[in-house]
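# Examination of the molecular architecture
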Amino acid sequence: MQCDILTLFPEVFEPYINSGILRRARAKGLLELKLYNLRQYSENKHLQVDDVPYGGGPGMVLKPEPILRAVETIAQGQKSKRVILTTPQGQPFNQQLARELAGEAYLLIICGRYEGVDERVAQQLVTDEISIGDYVLTGGELPALTILDAVTRLIPGVLGNDASAAADSFSEVLLDYPHYTRPAEYKGLQVPEVLLSGNHEQIRRWRRYQALKRTYHRRPELLNELGLSDEDKELLSKIKGEG
Ligand code: ADE
């Protein structure tokens, strides 16, 4: 996948994209990432990219021309493009959207900034306005990194075999089951017996039960998105019976 990011702060991306899975995906050529500084597309002699809002009010608004000019140049020649604008007004980002974006050959992410972005940017070229949650950040850099991270791990070949099995759409709708590692006892706290049993079928069933239980208690609305198997239904009725 090719991904271009348009931002006023390219430097904040560097440590993250040069670490861990993102670094590996880039090294393997599975993610081709480029950062572009919006200021370079300003034709103003002070390299200004924002201005006061029409109608008054606080804050500054990102001007349309530098963004439109930048996208025209950066995405030139891309046949099919997904142009994303990060904004608290966007559609909520989730695993399903991450999966969809991971199937694209090219993404361009525009990081919003300040109090907003001139609406004509969205009208003219944005295909997806995306929010990472119901809170307001100072800018779109963290949302862009969040989207990039979630999408990259779903690109085939980025994760090892085990991890990609866990990343199947079915498991990732549920909250995860509890994890334990050595020691088997820590300050009187025991690792659940079944995990030490070596019985793979029992372990699988215990994990499924725990994942369903957490989801039921913490995020019950997620269960509506899941096609429940007969086993899930059985486990859930046990969980509900426990109160
Ligand atoms: N910019 C500021 N806050 C945001 C959010 N929650 N999601 C996406 N972009 C943002």
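These notes cover the structure that comes with them.

A word on the side chain of threonine 152. Within the fold, threonine 152 resides in helix α6 (residues 141-152). Those residues in contact with threonine 152 that lie beyond four places of it in its chain are Leu22, Ala25, Leu31 and Val158.

What follows covers the nonpolar core. With 28 residues, the main nonpolar core has Cys3, Ile5, Phe93, Leu101, Ile147, Leu148 and Val151 as its most contacted residues. Listed by contribution, the elements that provide at least two residues to this core are β1 (2-7), α2 (20-27), α4 (95-102), β6 (106-111) and α6. Look past the residues within four positions of leucine 148 in its chain and what remains in contact with it is Cys3, Ile5, Ile17, Leu22, Leu31 and Leu33.

Now for the sheet that holds strand β4 (residues 61-62). Reading across the sheet, the three strands line up as β3-β4-β7 and stay open at both edges, with mixed pairing between neighbours. Across the chains shown, the open sheet's two edge strands, defined by having one partner strand only, are β3 (50-51) and β7 (116-117).

This part covers the packing of aromatic side chains. We describe a pair of aromatic rings using the distance from one ring centre to the other and the angle between the two ring planes. Across all of its chains, the model carries zero aromatic pairs by this definition. The ring centre of tyrosine 209 lies 5.2 Å from the NZ or CZ of lysine 238, which sits over that ring.

Sheets are built from strands paired through backbone hydrogen bonds, the pairs being either parallel or antiparallel. Judged by pairing direction, the sheet is parallel, and its five strands sit side by side in the order β2-β1-β6-β5-β8 without closing on themselves. Here the strands that pair on one side only, and so sit at the sheet edges, are β2 (32-37) and β8 (128-131). Neighbouring strand axes in the sheet, compared pairwise and without regard to direction, differ in orientation by 30 degrees on average. When β1 meets β6, the two strands line up parallel, connected through five bridges. Paired with glutamine 2 across the two strands is tyrosine 106, which belongs to β6.

All right, on to the site of the ligand then. The immediate surroundings of the ligand are formed by Thr86, Thr87, Pro88, Ile130, Ser131, Ile132, Gly133, Tyr135, Val136, Leu137, Gly139 and Pro143. Threonine 87 places a polar main-chain atom, nitrogen or oxygen, 3.1 Å from a nitrogen atom of the ligand. Isoleucine 132 places a polar main-chain atom, nitrogen or oxygen, 3.0 Å from a nitrogen atom of the ligand. Across the complex, the protein chains shield 97% of the 260 Å² of accessible surface that the ligand would expose by itself.

A cluster of nonpolar residues, Tyr135, Leu137 and Leu142, forms a patch on the protein surface that exposes about 290 Å² of accessible area. Following the sequence through the fold, leucine 137 ends up in the loop between β8 and α6. Given the relative accessible area of 33%, leucine 137 is considered partly exposed.

Spanning 12 residues, α6 covers 16 Å between terminal C-alpha atoms, matching the ideal 16 Å at 1.5 Å per step. Taken across its 12 residues, α6 has nine buried, putting it largely inside the fold. For α6, the full list of buried residues reads Glu141, Pro143, Ala144, Leu145, Ile147, Leu148, Ala150, Val151 and Thr152.

Moving on, we get to the pattern of salt bridges. In the structure shown here, the tally under the stated rule is 13 salt bridges. Across the pair glutamate 100 and arginine 82 runs a salt bridge, and its minimum N-O distance is 2.5 Å. Taken together, the residues glutamate 100 in helix α4 and arginine 82 in strand β5 (residues 82-92) connect sequence positions 18 residues apart. Close ionic contact of arginine 208 with aspartate 232 constitutes a salt bridge, the shortest N to O distance being 2.8 Å. Placement of arginine 208 in helix α9 (residues 200-218) and of aspartate 232 in helix α10 (residues 230-242) is noted, with a sequence separation of 24 residues between them. Arginine 208 gets classed as buried once you look at its relative accessible area, which sits at 14%.

What counts as what
Residues numbered from 1 in each chain as written. Predicted model: local features only at pLDDT ≥ 70, side-chain atom pairs only at ≥ 80, totals over all residues. Heavy atoms only, no water. Helix = DSSP H or I, 4+ residues; strand = E, 2+ residues; numbered from the N terminus. Contact = heavy atoms within 4.5 Å. Core = buried A, V, L, I, M, F, W, Y, C linked by side-chain atoms within 4.5 Å. Buried < 20%, exposed > 50% of the residue type's maximum accessible area, 1.4 Å probe, protein only. Pairing = 2+ DSSP bridges. Phe/Tyr/Trp six-rings, centres within 6.5 Å; stacked < 30°, edge-to-face > 60°. Lys NZ or Arg CZ within 6 Å of the ring centre and 35° of its normal. Axes fitted to C-alpha atoms, helices over the stretch in contact; angles between N-to-C directions. Near = heavy atom within 4 Å. Polar contact = N/O pair within 3.5 Å; in protein donor to acceptor, adjacent residues only side chain to side chain. Areas by Shrake-Rupley, 256 points an atom, 1.4 Å probe, with all protein chains shown as cover. Patch = residues over 30% accessible without salt bridge, like charges linked within 9 Å, V, L, I, M, F, W, Y side chains within 5 Å. Salt bridge = Lys/Arg side-chain N within 4 Å of Asp/Glu carboxyl O. Expected span 1.5 Å × (residues − 1).

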